[in-house]
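# A look at the structure
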Amino acid sequence: MKLFTLVLVALMISGVAMAAEVPTDAGDKALVFMFSGLSDLHLDGYMGDYGLGMRYYIADGTALRLGVEFGSQSFDDKEADMEGDMTSYGLMAMYEKHLGGVCASVVPYWGLGAGYHSWANKMTADSDWIEMRETGFGFVGALGFEWGFTDCMTLGGEYELGLWTFSGETESDIGGTTNTFDEYEGSFMGVGTASVYLSVYW
């Protein structure tokens, strides 16, 4: 992955002198990745380590951006007779309207979207178990840009204004007695900047 980021940086530097037009025609499509931790240019999947993102233009200048997340981890500590399972999944969809820019290599856009996320973590020892669960749902508006730094590859970023609600609980079965506790719910609203996006068109 570090070799990839070095190649990407080299392309970006060389692309400054030969910036390319951003593809925004109907039928254009791209895989979308996200950077996290710009100190080491760590490339992630869309929506995190377990995500896949794609943008598809349904009309000239109009695109749908879809993110799907699914992850599953498990472990089995035979010495302690303990097992663990974690699952995480989510869906994010955004409608994007790309606008005419001052130059063809930089295209601003606005977007409206919604997302859902859920995760669960369960620990089992002998016949006893405890499970933590959380779900969240939200709406987001976005204002961003794409920069075509070379043919068929763009970098971009966006401001986001979102409203999210979430809820969770912990359930256990210890000695045959089932209990539900640590129930919570909440919401938050605010403006933030999303990660840097890398889009690869084909």
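Below or above, wherever it landed, is the structure these notes cover. (Residues numbered from 1 in each chain as written. Predicted model: local features only at pLDDT ≥ 70, side-chain atom pairs only at ≥ 80, totals over all residues. Heavy atoms only, no water.)

Turning next to the pattern of salt bridges. Evaluated as defined, the whole model comprises eight salt bridges. When the shortest N-O distance is used, the salt bridge between Glu-96 and Arg-55 registers 2.8 Å. Placement of the pair is Glu-96 in strand E5 (residues 82–98) and Arg-55 in strand E3 (residues 51–59), with a sequence separation of 41 residues. Accessibility expressed as a relative area gives 0% for Glu-96, which makes it buried. Classification of Arg-55 as buried rests on a relative accessible area of 1%. Asp-76 is the partner of Lys-78 in a salt bridge, and the nearest nitrogen-oxygen pair spans 3.2 Å. With a relative accessible area of 42%, Asp-76 lands in the partly exposed category. Where salt bridges share partners, they join Arg-55, Arg-65, Glu-96, Glu-146 and Glu-158 into one cluster. (Salt bridge = Lys/Arg side-chain N within 4 Å of Asp/Glu carboxyl O. Helix = DSSP H or I, 4+ residues; strand = E, 2+ residues; numbered from the N terminus. Buried < 20%, exposed > 50% of the residue type's maximum accessible area, 1.4 Å probe, protein only.)

Moving on: the packing of aromatic side chains. Following the criterion strictly, the structure yields eight aromatic pairs and no others. Between Phe-137 and Phe-139 the ring centres are 5.2 Å apart and the planes differ by 90 degrees, which places this aromatic pair in the edge-to-face class. Across the ring face of Tyr-197, the terminal group of Arg-65 is positioned such that the distance to the ring centre comes to 4.9 Å. Geometry around Trp-129 places Lys-122 over its ring, the cationic atom sitting 4.6 Å from the centre. (Phe/Tyr/Trp six-rings, centres within 6.5 Å; stacked < 30°, edge-to-face > 60°. Lys NZ or Arg CZ within 6 Å of the ring centre and 35° of its normal.)

Before going further, it helps to spend a moment on the pairing of strand E7 (residues 128–150). As defined by bridge partners, strand E6 (residues 106–125) adjoins E7 across 20 bridges and the pair is classed as antiparallel. Within E7, the residue paired with Tyr-116 across the bridge is Phe-137. Between E6 and E7, which pair antiparallel and follow one another directly, the connecting turn spans two residues, one of which, Asp-126, has a positive phi of 55 degrees. For E7 and strand E8 (residues 153–174), the ladder comprises 21 bridges, and the chain directions are antiparallel. Residue pairing in the sheet places Trp-129 in a bridge with Asp-173 of E8. (Pairing = 2+ DSSP bridges.)

Glancing now at the environment of Tyr-50. Positionally, Tyr-50 belongs in the loop between strand E2 (42–44) and E3. Its relative accessible area of 31% is what places Tyr-50 among the partly exposed residues. In sequence terms Tyr-50 and Ser-88 are 38 residues apart; their C-alpha atoms lie 8.2 Å from each other. Residues within four places of Tyr-50 in sequence aside, it is in contact with Val-68, Glu-69, Phe-70, Gly-71, Gln-73 and Met-86. Of the polar contacts made by the side chain of Tyr-50, one reaches the side chain of Gln-73; its length is 2.3 Å. (Contact = heavy atoms within 4.5 Å. Polar contact = N/O pair within 3.5 Å; in protein donor to acceptor, adjacent residues only side chain to side chain.)

Together, Asp-77, Glu-79, Asp-81, Glu-83, Asp-85 and Asp-126 give the surface a local cluster of negative charge. Mapping Asp-81 onto the fold places it in the loop between strand E4 (62–77) and E5. Note on Asp-81: relative accessible area 42%, which makes it partly exposed. (Patch = residues over 30% accessible without salt bridge, like charges linked within 9 Å, V, L, I, M, F, W, Y side chains within 5 Å. Areas by Shrake-Rupley, 256 points an atom, 1.4 Å probe, with all protein chains shown as cover. Lys, Arg positive; Asp, Glu negative; His and termini not counted. Charge placed at Lys NZ, Arg CZ, Asp CG, Glu CD.)

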